[in-house]
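Structural overview
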Amino acid sequence: YVNNDACYPSLIVTGQIMDTILSGNYDTDRLAVLMSQTGGGCRATNYVAFIRRALKKAGLEHIPVISINLSKIESNPGFHINLEMAVRLTYAAAFGDIFMRCLYRMRPYELNKGDSERVHEKWKKICRKFVTKKFPGLPEFNRLCREMIRDFDSIRIDESLKKPRVGIVGEILVKYSPTANNDLVNLIEAEGAEAVVPDILDFMQYCFYNQIYKAENLGTQKSTARICSMGIRVIDHARKAAFKELKRSRHFYPPVPIREIAKYASPIVSIGNQTGEGWFLTGEMVELIHSGVKNIVCTQPFGCLPNHVVGKGVIKELRRKYPGSNIVAIDYDPGASEVNQLNRIKLMLSTAFKKLA
Ligand code: SF4
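Every value quoted in this text rests on a predicted model; they were computed, and no experiment measured them.

The buried fraction of strand β3 (residues 165-170) amounts to five of the six residues, a majority that puts the element mostly inside the structure. Note: β3 against strand β4 (residues 194-196), three bridges, orientation parallel. Paired with Arg165 across the bridge in β4 is Glu194. By the bridge criterion, five bridges tie β3 to strand β5 (residues 295-301) in an arrangement that is parallel. Bridge pairing in β5 places Gly167 opposite Ile296.

See the structure below:
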């Protein structure tokens, strides 16, 4: 349904949506597809068109594809993201980020195998119940965040065990989706290391921050910038309780503010570099290095020009600026050799283990 000359994430997204629609589990007369649209210079603007084309090919063009965008590319009469939906979305993303921070930090060191996963499963149920209930309030959200972090923090781990910490950065889909990155977190853990995956809410803040930069430097609408500035503050506010608890904990550390990440990136790439993951990808690598995670896998989808510029393209400069950084770029696409990916990751890990010794 989608031509394979497009970038890998667009193939995966369109394929997964078509797979679901054609699974027979849904009434296709009562179905709509929601898709984000960045409005930037890469294919992330075109997923909506890809999906519409695929639906047309399957004879299902009556299924509406609703674009979620900040750039006023398409209006969607009949569908509005209201405050309640936005709040639930922020809560869900914040919970997911805490899971990544806590689970990946504890699982490789746990004394009783399965403890971290048990805590994860317990909190997944509680979080689902909370985000789907009527009127999920901020005080309860804050309390859940604090309790969840404490629960993970009290898992018994081998404190004397030293493992290399490996950051995962890259294109947003390949970075987070186990389907797209061949289960990279589990691979890193199976090889005896700890995976560190930065927050997805940082990426949302990056999208907001870009609009502010554009209004200040490229003459775009100030009103959009004001809304986006508020978006950054709302996310910061929603993360406040978790931030404090992560700081107070014995094993975790809190996220770095988006303005700080922009400062990290700016000596290397311009903040005007906003296509794909743009300056944010470079900034995340610097953030990881600053927090002591010098081993990094930079996931690069095949066919993605923007992230080759701000990912692979800056590695040489990062190595020069931060001696001891051990960064490897790995290409992902449907035809990429898994053996090749594994070899490159193992090579990076062997350097990481040598440095640990
Ligand atoms: S950032 Fe790269 S992989 Fe992602 S949509 Fe754009 S071109 Fe495709």
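What follows concerns the domain arrangement of the chain. You can read the domains of the chain as domain 1 (8-68) and domain 2 (162-198 + 255-356). For domain 1 and domain 2, the distance between their C-alpha centroids amounts to 29 Å. Contact residues are listed per partner, giving nine residues for domain 1 and 14 residues for domain 2. Roughly 820 Å² of surface becomes buried between domain 1 and domain 2 when both sides are summed, with 70% attributable to carbon and sulfur atoms. Its largest share of buried area at the contact with domain 2, domain 1 owes to Tyr8, Pro9 and Cys42, together 60% of the area lost on that side. On the surface where domain 1 and domain 2 come into contact, there are zero salt bridges. Seen at the junction of domain 1 and domain 2, the total is one residue pair in polar contact (both at pLDDT 80 or more).

Turning to unusual backbone geometry, a few remarks are in order. Residues other than glycine seldom take positive phi values, yet Phe135 does so here, at roughly 50 degrees. The exposure class assigned to Phe135 is exposed, which follows from its relative accessible area of 71%.

The next thing to look at is the sheet that holds β5. The strand order β4-β3-β5-β6 describes an open sheet built from four strands, whose pairing is parallel. The outermost strands of the open sheet, each flanked by one partner alone, are β4 and β6 (326-332). Recorded for the sheet is a direction-independent mean angle of 30 degrees between the axes of neighbouring strands. Summarising the sheet, β5 and β6 pair through seven bridges and their orientation is parallel.

The rules behind each value
Residues numbered from 1 in each chain as written. Predicted model: local features only at pLDDT ≥ 70, side-chain atom pairs only at ≥ 80, totals over all residues. Heavy atoms only, no water. Buried < 20%, exposed > 50% of the residue type's maximum accessible area, 1.4 Å probe, protein only. Helix = DSSP H or I, 4+ residues; strand = E, 2+ residues; numbered from the N terminus. Pairing = 2+ DSSP bridges. Domains from an automatic or database assignment. Contact = heavy atoms within 4.5 Å. Buried area = accessible area lost by both parts, 1.4 Å probe. Salt bridge = Lys/Arg side-chain N within 4 Å of Asp/Glu carboxyl O. Polar contact = N/O pair within 3.5 Å; in protein donor to acceptor, adjacent residues only side chain to side chain. Axes fitted to C-alpha atoms, helices over the stretch in contact; angles between N-to-C directions.

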